[in-house]
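As a plain string of letters, each chain reads:
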Amino acid sequence: MTLPADAPAVKETFVFSPEDGVPPQVGPFAHATRFGPMVFVTGQMPTDPATDRLVEGDVLAQSEQVRRNLEAVLRQFGLTFDDVLMVRVYLTDFADFEAFNAAYETWFDGPLPSRTCVGVTGLAVGAAIEIDLIAGIPERNRS
């Protein structure tokens, strides 16, 4: 999906399917919103789109599924993690912070984006982690 360089900033929302590699929504929201050259990706849970079930395992196993879900949304816009500008991470156990950081650093080839990481008392579907992000559509993806 490309964005014309002179396109007006108009809000567009997108809902994807498990066939796109994205789990179905668990609430009233879009998977992504594009506004001009910015893409805002809804928080992804560690849900396997093929089964619509939470993946089992520790925060690292769950974060790997979240990564795949986020990549599937970014791919719909021709983007990768290196186009990400801001990441927000929600952990139900802040003792997982260091282990998650070690895995997270491997997600990027280029410079790391800005990030916030917070501990929370609970997440939907009993997940240990949720991540949302903001990406920029670079010039290479604009016609």
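For the structure, see preceding data.
Residues numbered from 1 in each chain as written. Predicted model: local features only at pLDDT ≥ 70, side-chain atom pairs only at ≥ 80, totals over all residues. Heavy atoms only, no water.

Student: What is the right way to look at the pairing of strand β8 (residues 129-136) in this model?
Tutor: The side chains of a regular strand alternate, residue by residue, between the two faces of the sheet. In terms of burial, β8 is largely enclosed, as eight of its eight residues are buried. Because side chains alternate across β8, one face comprises the buried residues Ile129, Ile131, Leu133 and Ala135, and the other comprises Glu130, Asp132, Ile134 and Gly136, equally buried. Across five bridges, the pairing between strand β3 (residues 38-44) and β8 is antiparallel. Following the sheet pairing, Met38 is matched in β8 by Gly136. Both strand β6 (residues 84-91) and β8 contribute to a ladder of seven bridges, which runs antiparallel. Along β8, the bridge assignment pairs Val89 with Ile131. (Buried < 20%, exposed > 50% of the residue type's maximum accessible area, 1.4 Å probe, protein only. Helix = DSSP H or I, 4+ residues; strand = E, 2+ residues; numbered from the N terminus. Pairing = 2+ DSSP bridges.)

Student: Any chance you could explain helix α2 (residues 97-104) here in plain terms?
Tutor: An α-helical turn contains 3.6 residues, so a residue and the one three or four places further along point in the same direction. Looking at α2, one finds that the buried residues are Phe100, Asn101 and Tyr104. One side of α2 holds all its buried residues, which, seen down the axis, span an arc of 105 degrees. Residues of α2 that are buried in the fold lie against α1 (59-75), β6, β7 (114-119) and β8. (Arc of directions from axis to C-beta. Contact = heavy atoms within 4.5 Å.)

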